Amino acid sequence: MRAAILTVSTSVAAGRNEDLSGIELADAARGIGAEVTVQAVVPDDRAAIESWLREQVAAGIELVLTTGGTGFTPDDVTPEATRAVIEREAPGFAEAMRFESRQFTKMAMLSRAVSGIAGGSFIINFPGNPKAITELFPVVAPVLEHAVGTLHRQDGKRPQHPGR
């Protein structure tokens, strides 16, 4: 499964901070066997986020993961950009991450992350904190291959998975 990683951060895009979250998310994706084909950084700008997401969908990237821009500050617009791109929400992923996050911080309720489907791409928003990615990626990891596989069913048949 091909994956694309987007870090949404004005300070990282400007070179003022290092992209620790993007690195963590890419490593986590590789850890489940995904091939990270694209990794980028954009500022907290809805048009830039939306444009990048649409490029990945058009390129046929199966798994698109974002980090950052999911909180309450005025420039946290990743969920809005994601909603503009997706055709169908898949709320269980973001809900499961928020639920899991509650054991680590009472601030979990502030996450506005979303997840959904655009064409043959599955998009998930992650928090912009590398520690949170380490804590939350394992929640969704066990079902990512199946989720992406179901997007590519032909004639109602289950996709073929190697070794099954």
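None of the values given here were measured: they were computed from a predicted structure. (Residues numbered from 1 in each chain as written. Predicted model: local features only at pLDDT ≥ 70, side-chain atom pairs only at ≥ 80, totals over all residues. Heavy atoms only, no water.)

## A short note on the side chain of Glu62
Consideration 1: Structurally, the position occupied by Glu62 is in the loop between helix H3 (46–58) and strand S3 (63–67).
Consideration 2: A distance of 2.8 Å separates a polar atom in the side chain of Glu62 from the backbone nitrogen of Arg2.
Consideration 3: Contacts of Glu62, omitting those with residues within four sequence positions, involve Met1, Arg2, Gly120, Ser121, Phe122, Val148 and His152. (Helix = DSSP H or I, 4+ residues; strand = E, 2+ residues; numbered from the N terminus. Polar contact = N/O pair within 3.5 Å; in protein donor to acceptor, adjacent residues only side chain to side chain. Contact = heavy atoms within 4.5 Å.)

## Brief notes about the environment of Ala147
Consideration 1: Counting through the fold element by element, Ala147 comes out in helix H6 (residues 130–151).
Consideration 2: Relative accessible area serves as the criterion here: at 17%, Ala147 is assigned to the buried category.
Consideration 3: The sequence separation of Ala147 and Leu63 amounts to 84 residues, and the corresponding C-alpha distance is 9.6 Å.
Consideration 4: Excluding anything up to four places from it in sequence, Ala147 contacts Phe93 and Phe122. (Buried < 20%, exposed > 50% of the residue type's maximum accessible area, 1.4 Å probe, protein only.)

## Comments concerning the confidence of the model for the protein chain
Consideration 1: Residue-level pLDDT values for the protein chain average 93, and 93% of them are 70 or greater.
Consideration 2: Counting contacts from residues 158–164, a segment whose pLDDT is below 50, to residues more than four positions away or on other chains yields seven contacts. (pLDDT = per-residue confidence, 0-100.)

## Points about a nonpolar patch on the surface
Consideration 1: A contiguous nonpolar patch, built from Phe72, Met107 and Leu110 and spanning about 320 Å² of accessible area, is present on the exposed surface.
Consideration 2: Residue position: Leu110 is located in the loop between helix H5 (91–101) and strand S5 (115–118).
Consideration 3: Judged by its relative accessible area of 37%, Leu110 is partly exposed. (Patch = residues over 30% accessible without salt bridge, like charges linked within 9 Å, V, L, I, M, F, W, Y side chains within 5 Å. Areas by Shrake-Rupley, 256 points an atom, 1.4 Å probe, with all protein chains shown as cover. Salt bridge = Lys/Arg side-chain N within 4 Å of Asp/Glu carboxyl O.)

## Details of the sheet that holds S5
Consideration 1: Here six strands make up an open sheet; going across it, the order is S2-S1-S3-S6-S5-S4 and the pairing mixed. Since the sheet does not close on itself, it has two edges, and those belong to strand S2 (35–42) and strand S4 (88–89), each with one partner.
Consideration 2: Both strand S1 (residues 2–8) and S2 contribute to a ladder of seven bridges, which runs parallel. Within S2, the position partnered with Val8 by the bridge is Val42.
Consideration 3: The sheet strands contacting helix H2 (residues 20–31) are S1, S2, S3 and strand S6 (121–126), and the helix crosses S2 at an angle near 165 degrees.
Consideration 4: Docked against the sheet, H5 engages S4, S5 and S6, running at close to 25 degrees with respect to S6. (Pairing = 2+ DSSP bridges. Axes fitted to C-alpha atoms, helices over the stretch in contact; angles between N-to-C directions.)

## Describing the packing of H2 against H6
Consideration 1: Interaxial distance between H2 and H6 falls to 8 Å at its minimum, and their mutual angle equals 20 degrees. By the angle between their axes, H2 is roughly parallel relative to H6. Like other packed secondary-structure pairs, H2 and H6 cross with a definite hand, here right-handed. Within the contact between the two elements, H2 uses Leu20, Ser21, Glu24, Leu25, Ala28 and Ala29 and H6 uses Pro130, Ile133, Thr134 and Phe137.
Consideration 2: Residues of the contact of H2 with H6, tallied by class, amount to seven nonpolar, two polar and one charged. (Parallel < 35°, antiparallel > 145°, perpendicular 65-115°, else oblique. Left-handed = near helix turned anticlockwise from the far one by under 90°. Nonpolar A, V, L, I, M, F, W, Y, C, P; charged D, E, K, R; others polar.)

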